[in-house]
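Observations on the three-dimensional arrangement
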Amino acid sequence: MLDIIREIESQQIKKDITEFNVGDTVRIDVRIKEGTKERIQAFEGTVIKRQNGGIRETFTVRRVAYGSGVERTFPINSPMVENIKVVRRGKVRRAKLLYLRDRIGKSAKVKELIR
């Protein structure tokens, strides 16, 4: 039974995912359905966490819009996620950046990783 589930999951995993990590600023193109119409909307922000693995892997992106923080969690392998583009790489030393929720202004930024 477990082998059947793994086989089905392996067929549904996306192969063309851009490599990104926690602390990176990413732009996600998300499909939005409104009635019968469908459009693509961009959501840009800092990745504050990645969790799980395989088909169930998700990541949370945070941005500040009009003075209030907005967080969205996206499944990586969702068909609603059209494209993930890394805008800039972040220099971080931890796996989850949940402390950014309490900060505002300059202290809420992540330094850029220069290679």
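Residues numbered from 1 in each chain as written. Predicted model: local features only at pLDDT ≥ 70, side-chain atom pairs only at ≥ 80, totals over all residues. Heavy atoms only, no water.

What counts is decided by this rule: UniProt positions are given in the numbering used here, feature names are shortened, and annotations may be inferred rather than shown by experiment.
Per an unreviewed UniProt entry, the protein goes by the name Large ribosomal subunit protein bL19 and belongs to Clostridium aestuarii. Entered under Sequence similarities (unreviewed entry) in the UniProt record, the comment concerning the protein runs "Belongs to the bacterial ribosomal protein bL19 family."

1. With respect to unusual backbone geometry
Defined as follows: Residue burial is assigned from relative accessible area. The probe radius is 1.4 Å, only protein chains are included, and a residue is buried under 20% of its type maximum, exposed over 50%, and partly exposed in between.
Unusually for a residue other than glycine, Asn52 sits at a positive phi of about 65 degrees. We classify Asn52 as exposed; its relative accessible area is 59%.

2. Focus: the environment of Lys14
Defined as follows: A run of H or I in DSSP counts as a helix once it spans at least four residues, and a run of E counts as a strand once it spans at least two, with each numbered from the N terminus.
Position of Lys14 among the secondary structure elements: in the loop between helix H1 (2-12) and strand S1 (25-34). With a relative accessible area of 24%, Lys14 lands in the partly exposed category. Taking C-alpha positions, Lys14 is 8.5 Å from Ser78, a pair spaced 64 residues apart along the chain.

3. Some words on the pattern of salt bridges
Spelled out, the test is: What makes a salt bridge here is a side-chain nitrogen of Lys or Arg within 4 Å of a carboxyl oxygen of Asp or Glu, nothing more.
In the structure shown here, the tally under the stated rule is 9 salt bridges. Across the salt bridge formed by Glu34 and Arg39, the nearest N and O atoms sit 3.1 Å from each other. Residue Arg62 is joined to Glu71 by a salt bridge in which the shortest nitrogen-to-oxygen separation is 3.1 Å. What makes Glu71 partly exposed here is its relative accessible area of 29%. One continuous salt-bridge network, built from bridges that share partners, spans Arg31, Glu38 and Glu82.

4. Section: the nonpolar core
Just so we agree on the cut-off: We call a set of buried Ala, Val, Leu, Ile, Met, Phe, Trp, Tyr and Cys residues a nonpolar core when their side-chain atoms join them within 4.5 Å. We call two residues in contact whenever any of their non-hydrogen atoms come within 4.5 Å of each other.
Residues Phe20, Val26, Ile28, Phe59, Val61, Phe74 and Ile84 are the most contacted members of the largest nonpolar core, which totals 14 residues. When residues of this core are assigned to their parent elements, the largest contribution, 4 residues, is made by S1. Those residues in contact with Val61 that sit more than four places away from it in its chain are Val26, Ile28, Phe43, Glu44, Gly45, Thr46, Val47, Val70, Glu71, Arg72 and Phe74. With 5 residues, the next largest nonpolar core counts Val22, Ile48, Leu97 and Val110 among its residues.

5. Considerations on the packing of aromatic side chains
As a reminder of what qualifies: Pairing of aromatic rings covers Phe, Tyr and Trp, the last counted by its six-membered ring, and requires centre-to-centre distances within 6.5 Å; plane angles under 30 degrees mean stacked, over 60 mean edge-to-face, and any other angle means tilted. Whether a charge lies above a ring is judged from NZ of Lys or CZ of Arg, which has to be within 6 Å of the ring centre and within 35 degrees of the ring normal.
Applying the stated criterion across every chain yields a total of 3 aromatic pairs. Taken together, the aromatic side chains of Phe20, Phe43, Phe59 and Phe74 make up a single cluster linked through ring pairs. Over the face of the ring belonging to Phe20 we find Arg50, whose NZ or CZ atom lies 4.4 Å from the ring centre. Just above the ring of Phe43 sits the side chain of Arg72; from NZ or CZ to the centre is 5.5 Å.

6. Here's the deal with a positive patch on the surface
What counts is decided by this rule: The patches described consist of residues with a relative accessible area above 30% and no salt bridge, like charges being joined within 9 Å and nonpolar side chains (Val, Leu, Ile, Met, Phe, Trp, Tyr) within 5 Å. Throughout, the Shrake-Rupley method with a 1.4 Å probe supplies accessible areas, and for residues the shown protein chains are the sole cover considered. In this tally Asp and Glu are treated as negative and Lys and Arg as positive; neither His nor the chain ends contributes. Note on charges: their place is set at NZ of Lys, CZ of Arg, CG of Asp or CD of Glu.
Judged by side-chain charge, Lys91, Arg93, Arg94, Arg103 and Lys111 come together as a positively charged surface patch. Relative to the assigned elements, Arg93 resides in the segment after strand S5 (81-88). When its relative accessible area of 87% is taken as the criterion, Arg93 is described as exposed.

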